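# Report on the structure
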Amino acid sequence: MNADPYYPEARERFVEDVAEHQVEVLHDDGTYRHIVCKEPGSSFYWFELITSPWQLTIRGDMGCYVFSRIHDMFDFFGDRARAVGDYINPGYWTQKLESTNRQGVEDFSQQAYLKWLADNWEDRRDDYGQAARNTILNAMYEELTDADSHESAMEVLDGFDVEGYVFTDTWEHHFTDYDSHYLWCLNAIVWCIEKYRAAAAA
């Protein structure tokens, strides 16, 4: 996973995507809410939040997710986001997903894969002489760095054998990070709650 648990880059992208969004409250009765967020005249990046006791659903252009933790889920997401400077906390929030199907939450991360390759090399490089190191590094760059899915990464790792440098137990490794659409939706939840509360306070 990403070393930064709050994913500031995902927040920056989200803020750009919703720069022209407006918030429309269609229903507001205690913990029963229906709020639509979109740019007028456009359906790009639209989303809506629907809450009821113990549940929050976000659905729209970037996906659909259902969360459950406390009676008012606006308090759950809003209070915890403020505690870390209005950033999302996917490591904890993902545990509150209602669905046991994690598809659409995590995806192959080339960054995580390349970091694992670099760490693996650092741990083993001293086992080889300089000439072998050069050969191995060149082969790793040519054969391994273009993997763009978990399946392609497993295929090239399992087939790699240069100067006795091989990879074992590759099936134990999952080069994943949170899906960009999922991170977008988490940011959307926090943003919408902020806008809703600001309007209520005003």
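Just so we're clear, the structure is a prediction, and the values are computed from it rather than from any experiment. (Residues numbered from 1 in each chain as written. Predicted model: local features only at pLDDT ≥ 70, side-chain atom pairs only at ≥ 80, totals over all residues. Heavy atoms only, no water.)

This next bit is on helix α6 (residues 150-158). Listed in full, the buried residues belonging to α6 are Ser152, Ala153, Met154 and Leu157. Here the buried face of α6 lies against β6 (106-108), α4 (110-124) and α5 (130-144). (Buried < 20%, exposed > 50% of the residue type's maximum accessible area, 1.4 Å probe, protein only. Helix = DSSP H or I, 4+ residues; strand = E, 2+ residues; numbered from the N terminus. Contact = heavy atoms within 4.5 Å.)

This part is about the pairing of strand β1 (residues 22-29). The sheet contact formed by β1 and strand β2 (residues 32-38) spans seven bridges and is antiparallel. By the bridge assignment, Asp29 is partnered in β2 with Tyr32. (Pairing = 2+ DSSP bridges.)

Quick look at the pairing of β2 now. Between the end of β1 and the start of β2, which pair antiparallel, lie two residues, with Gly30 showing a positive phi angle near 65 degrees. Relative to strand β3 (residues 47-52), β2 is paired through five bridges, and the arrangement is antiparallel. Across the sheet, the residue bridging to Val36 is Glu48, located in β3.

Our focus in this paragraph is the pattern of salt bridges. For the structure on display, the rule yields eight salt bridges. Taking the shortest distance from any N to any O, the salt bridge between Asp17 and Arg13 comes out at 3.0 Å. Linking Asp17 with Arg13, this pair stays in helix α1 (residues 8-17), spanning four residues, or about one helical turn. We classify Asp17 as buried; its relative accessible area is 16%. In this structure, Arg125 engages Glu122 in a salt bridge whose closest nitrogen and oxygen atoms are separated by 3.5 Å. Judged by relative accessible area, Glu122 falls into the partly exposed class, the value being 48%. Counted as one network, the salt bridges with shared partners bring together Asp75, Asp79 and Arg197. (Salt bridge = Lys/Arg side-chain N within 4 Å of Asp/Glu carboxyl O.)

A sheet is described by the order of its strands in space; here five strands give the open sequence β1-β2-β3-β4-β5, paired in antiparallel fashion. Of all the strands in the sheet, just β1 and β5 (63-67) have a single pairing partner and so form its edges. Direction aside, neighbouring strands of the sheet carry axes that sit 10 degrees apart on average. Helix α7 (residues 180-201) rests against β1, β2, β3, β4 (55-60) and β5 of the sheet, and its axis sits at about 65 degrees to β5. (Axes fitted to C-alpha atoms, helices over the stretch in contact; angles between N-to-C directions.)

Let's shift gears to the nonpolar core. Counting residues in each nonpolar core, the largest one holds 34 residues, and the members touching the most others are Phe47, Ile58, Phe67, Phe77 and Ile189. Elements supplying a minimum of two residues to this core: α1, β2, β3, β4, β5, α2 (73-83) and α7. Top contributing element to this core by residue count: α7, with twelve residues. Apart from residues no more than four positions distant in its own chain, Ile189 is found in contact with Leu49, Leu56, Ile58, Phe67 and Phe77. Ranked by size, the runner-up nonpolar core spans 20 residues in total, among them Phe108, Leu117, Ala147 and Tyr165. (Core = buried A, V, L, I, M, F, W, Y, C linked by side-chain atoms within 4.5 Å.)

The description of two aromatic rings rests on the distance between their centres and on the angle between their planes. As enumerated under the stated definition, the model contains 22 aromatic pairs in all. Between Phe14 and Trp184 the ring centres are 4.9 Å apart and the planes differ by 75 degrees, which places this aromatic pair in the edge-to-face class. Here the residue Phe14 occupies a position in helix α1, and Trp184 occupies one in helix α7, the gap between them amounting to 170 residues. Comparing Phe14 with Trp184, the two get one shared label, buried. A ring pair is formed by Phe160 and Phe167, whose centres lie 5.7 Å apart and whose planes are at 50 degrees; its orientation type is tilted. Phe160 gets classed as buried once you look at its relative accessible area, which sits at 2%. Among the aromatic side chains, those forming a connected cluster through ring pairs are Phe108, Tyr113, Trp116, Trp121, Tyr128, Phe160, Tyr165, Phe167 and Phe175. Lying across the ring of Tyr165, Arg124 places its NZ or CZ 3.8 Å from the centre. (Phe/Tyr/Trp six-rings, centres within 6.5 Å; stacked < 30°, edge-to-face > 60°. Lys NZ or Arg CZ within 6 Å of the ring centre and 35° of its normal.)

In short, shape yes, function no, at least from these values alone.
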